[in-house]
Amino acid sequence: MDVSGGSGQPRSDDAEPAERPAAPTARTDDRGPESTDAPTAPPRGGASAGTGKPEPRPERSAEPPAPRDDRAGTPLGSPASDAGEPAAPDTADPDGPGGPDGPGGPAAPGTSGPEGTRAAGAAGPGETGVHGADGVRGAFGPDAARADLADGRGHEQGGAAGGKPPRRPKEPGGGLLMGRPFGVPVYVAPSWFVVAALITWVFGGQLDRVLPELGAARYLVSLFFAIAFYASVLVHELAHTVAAIRFKLPVRRIQLQFFGGVSEIEKEAETPGREFVLAFVGPLLSLVLAGLFYLAMQPVEPGTVPGVLLAGLMVSNLIVAIFNLLPGLPLDGGRMLRAVVWKITGRPMSGTVAAAWVGRALAVSVLIGLPLLNYSGAFGGGTENANGMDALTDGLLAAVLAAIIWTGAGNSLRMARLREHLPELRARTLTRRAVPVETETPLSEALRRANAAGARALVVVDAEGTPLSLVREAAIVGVPEHRRPWVAVSGLAQDLTDGMRVSAELAGEELLDVLRATPATEYLVVEETGEIYGVLSAADVERAFVRAMARPS
């Protein structure tokens, strides 16, 4: 059967009545030239012969607007259809409706890594990590499409139509929830406790040289410093968040982790000027904090605990600001460079490519230059004070920072490429033709109508033609062929919710935003007039994205 954007109500060429009251026919005027190719005999499980009733002729189905995929000619309900593909782990209870013994089936396959594929990976100290064109929260790559769209397994319900209600999308998670400033959840990742212990130990050793009279209490002071430092990083991230909210960009969460913080902003700034501002406000706030700590130091005696703490916070915020202003992705300075190139060339992708390659060069510079600078005494050391352990520590730190910058730059390029292909995802071209059937229609009869119309989806409607639910293809495959005449389509249907009605005009990021807001395996696609256009499968969206990504930019 064809993959198309039609909703095809079977329609005879004359005035002969069908066996059952037909729901209103969906629009087919914009789907290309009509085709008269249709099966002349119903498949197994179709309407019984000898009833004396005229057999309805197949619909003159429209030519599908979407490209044909490998399963375009596979009849609905065939084991070779989409539903026969392997499911992601834990998509359903093994003994429940979605398990092997029930009519349920898989959601879109695959899962992604922690919180999808974030553009920046692990961020540097105080670095925004994810915002702008390349920093959309891993939302649109193959992994992310699977992670976000496949969450629709919470909406799966096999068996009776009145099954469990759909579950709400999960909170983003990512550690210990600390609060919701400006409505944005702030999480502390488990790795933060590791770096907090490390800072406490290192800073405690420095305090032992400056304030030896503290004794063991120096570690309490060091712990306070670690907490105050990450509070400064949080202020840095909140600056990005406030700017994003000001520009009406959704912020998914803020996460404090091993190498700083990440603000996960889900959409790209609309202009290079806004992108520049969005990136610059973080380092700017770090510089402001460094200045405030410097002013607070003036009336304080240098050799005291408050003086040492204020000096440490001033220096650390200054380092955060300078580090993030380095002109390479995924750092804030790299996003500022991207904005500048975007403004000059008029192409966001050109800015991303330039800033990403500068970021990779920066990673190599950090890997080689940081140990050399420390060995030369630029950071207060020298060859006379150097030892093997210090050299090893410097090398490991440089390698980790270089890996973070290199990986973040590469991810930024990949996410930019994903965004470049987003407009190719259109609900109208990805939609399957659907046949409306009434609640008590036997599955065999519904499949006969769908196959005759060249459709690959079933929409359950009431007597007035109002859509009630969608028959899941995975559930159809789970019903043996000999039982289909005795199984009503309503028993295999997923109730429609408001979020499962998708406009046929949606495309690109807007389409994915709608699908992500209400995760499911299938969606009802409707025209602006409310007419049924067809059914959109999350698996079809994922396959279309993979095909688009396979094409060169």
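So, how was this worked out
- Residues numbered from 1 in each chain as written.
- Predicted model: local features only at pLDDT ≥ 70, side-chain atom pairs only at ≥ 80, totals over all residues.
- Heavy atoms only, no water.
- Pairing = 2+ DSSP bridges.
- Helix = DSSP H or I, 4+ residues; strand = E, 2+ residues; numbered from the N terminus.
- Axes fitted to C-alpha atoms, helices over the stretch in contact; angles between N-to-C directions.
- Contact = heavy atoms within 4.5 Å.
- Salt bridge = Lys/Arg side-chain N within 4 Å of Asp/Glu carboxyl O.

Participant: Is there a simple way to think about the sheet that holds strand β10 (residues 501–503) in this case?
Facilitator: Pairing between the strands of a sheet is mediated by backbone hydrogen bonds and can be parallel or antiparallel. The sheet built from 3 strands is open, its strands ordered β10-β11-β12 with mixed pairing. Of all the strands in the sheet, the pair left with one neighbour each is β10 and β12 (532–537). With direction set aside, neighbouring strand axes in the sheet form an average angle of 35 degrees. Taken together, the 5 bridges between strand β11 (residues 522–526) and β12 define a ladder with antiparallel strand orientation. Along β12, the bridge assignment pairs V526 with I532. Helix α12 (residues 508–517) rests against β10, β11 and β12 of the sheet, and its axis sits at about 175 degrees to β10.

Participant: How should the pattern of salt bridges be read in this particular structure?
Facilitator: A side chain with one charge can pair with a side chain of the opposite charge if their charged atoms come near. With the rule as written, the count across this model stands at 16 salt bridges. Between R253 and E264 there is a salt bridge, and its shortest N-O distance comes to 2.9 Å. One end of the pair, R253, is in strand β4 (residues 251–257); the other, E264, is in strand β5 (residues 260–265), and 11 residues separate them in sequence. Here the residues in one salt-bridge network are R252, R253, E264 and E266, joined through shared partners.

Participant: Any chance you could explain the environment of A197 here in plain terms?
Facilitator: For A197, the position within the fold is in helix α2 (residues 190–210). Sequence separation of A197 and L223 is 26 residues, and the distance between their C-alpha atoms is 7.6 Å.

Participant: Is there a simple way to explain the sheet that holds strand β7 (residues 457–461) in this structure?
Facilitator: In spatial order, the strands read β6-β7-β8-β9; together these 4 strands make up an open sheet with mixed pairing. Looking at the sheet topology across the chains shown, the edges are occupied by β6 (434–438) and β9 (493–495). Going across the sheet, the axis of each strand differs from the next one's by a mean of 35 degrees, ignoring polarity. As paired elements, β7 and strand β8 (residues 467–471) share 4 bridges and run antiparallel to each other. Bridge pairing links V459 to L470 in β8. In this fold helix α10 (residues 443–453) packs onto β6 and β7, with an angle of close to 150 degrees to the strand it touches most, β6.

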